[in-house]
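Observations on chain architecture
The lines below spell out each chain.
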Amino acid sequence: MSPVLNLIQSTEIEGRNGLLESFLQQLQQSIYQQVFTSIQVIVPNHAYVNYLKNIVAKRFAVYANIDFVVLPGPVLQNLFSDNNPNTQFIDFNLARFVIYDYLCKHTIDSSDALELNQYIYTNGKLDINKIFALST
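The sections below set out a description of the structure shown in this document. (Residues numbered from 1 in each chain as written. Predicted model: local features only at pLDDT ≥ 70, side-chain atom pairs only at ≥ 80, totals over all residues. Heavy atoms only, no water.)

This part takes up the packing of aromatic side chains. All told, the structure shown has 2 aromatic pairs when counted by the stated rule. Relative to Phe132, the ring of Tyr100 lies with its centre 6.0 Å away and its plane at 80 degrees, an arrangement referred to as edge-to-face. Linking Tyr100 in helix α4 (residues 92-105) with Phe132 in helix α6 (residues 128-135), this pair joins segments that are 32 residues apart in sequence. For Phe132, a relative accessible area of 40% gives the class partly exposed. The ring of Tyr119 has Lys130 lying over it, and the distance from NZ or CZ to the ring centre is 5.3 Å. (Phe/Tyr/Trp six-rings, centres within 6.5 Å; stacked < 30°, edge-to-face > 60°. Helix = DSSP H or I, 4+ residues; strand = E, 2+ residues; numbered from the N terminus. Buried < 20%, exposed > 50% of the residue type's maximum accessible area, 1.4 Å probe, protein only. Lys NZ or Arg CZ within 6 Å of the ring centre and 35° of its normal.)

Next comes the structure, spelled out in structure tokens:
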């Protein structure tokens, strides 16, 4: 039997039409149709692996023949960009330094930024260590 790729996507995580319920329904169909076939599920990180293993075990009382595969970010990014060529990805390392530079050079005078300013200023002096910690 040839491999089958099922893409499950939703704007909701939980709920009747959410990603989790769609995944569990698809998994249930696969389990009952192909009892001895191994199923691979691609997830974005190891936290999802543990979360989904627990959910699957609770729902089906058994967890077997399911392999959760964590793909590195660049692999997922390449797969996504191949199907969405106009997408531009943010470089989080660059964003970190843009935020740091902005907070060092600008004062944010807004009532919404009161807590931020209280954090990054110590005795009226800008604390660059706090800004760095905040930007990372």
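The next point concerns the packing of α4 against α6. How two helices pack is summed up by the angle between their axes together with the distance between the axes. Where α4 contacts α6, the axes come no closer than 9 Å and their chain directions differ by 145 degrees. When you trace α4 past α6, the crossing you get is right-handed. Contact with α4, carried on its side by Arg96, Phe97, Ile99, Tyr100, Leu103 and Cys104, involves Ile128, Ile131, Phe132, Leu134 and Ser135 of α6 and no other residues of that element. Split into classes, the residues belonging to the contact of α4 with α6 amount to 9 nonpolar, 1 polar and 1 charged. (Axes fitted to C-alpha atoms, helices over the stretch in contact; angles between N-to-C directions. Left-handed = near helix turned anticlockwise from the far one by under 90°. Contact = heavy atoms within 4.5 Å. Nonpolar A, V, L, I, M, F, W, Y, C, P; charged D, E, K, R; others polar.)

Here the phi dihedral of Asn123 falls at roughly 55 degrees; this positive angle occurs in a residue that is not glycine. Locating Asn123 in the fold gives a position in the loop between β3 (121-122) and β4 (125-126). Residue classification places Asn123 among the exposed positions, given a relative accessible area of 81%.

In terms of nonpolar packing, the biggest core is built from 13 residues, with Phe23, Leu27, Val41, Val56 and Phe68 touching the most fellow members. Within the residue set of this core, elements represented by two or more residues are α1 (19-33), β1 (39-43), α2 (46-60) and β2 (66-70). (Core = buried A, V, L, I, M, F, W, Y, C linked by side-chain atoms within 4.5 Å.)

Counted under the stated rule, the structure contains 2 salt bridges. Taking the shortest distance from any N to any O, the salt bridge between Arg59 and Glu21 comes out at 2.9 Å. You can see Arg59 sitting in helix α2 and its partner Glu21 sitting in helix α1, a full 38 residues away along the chain. The partner of Asp101 in a salt bridge is Lys105, with the nearest N and O atoms 3.1 Å apart. Of the two residues, Asp101 and Lys105 both sit in helix α4, 4 residues apart, roughly one turn of that helix. (Salt bridge = Lys/Arg side-chain N within 4 Å of Asp/Glu carboxyl O.)

Alternating positions in β1 separate cleanly, Ile39, Val41 and Val43 being buried on one face and Gln40 and Ile42 remaining unburied on the opposite face. Bridging between β1 and β2 involves 5 bridges; their strand directions are parallel. Opposite Val43, over in β2, you have Val70 as the bridge partner. Following the chain from β1 across α2 to the adjacent parallel β2, one finds a crossover that is right-handed. (Pairing = 2+ DSSP bridges. Right-handed = clockwise from strand over helix to strand, strands pointing away.)

Time to look at α2. Over its 15 residues, α2 runs 21 Å from end to end, which matches the ideal 21 Å to within 8%, given 1.5 Å per residue. Among all positions of α2, only Val49, Leu52, Val56 and Phe60 are buried. Taken end-on, α2 shows its buried residues confined to a sector of 75 degrees, consistent with a single buried face. Residues of α2 that are exposed and point over 90 degrees away from its buried face: Ala47 and Lys58. One or two positions beyond α2, positive phi appears at Ala61, with a value near 65 degrees. (Expected span 1.5 Å × (residues − 1). Arc of directions from axis to C-beta.)

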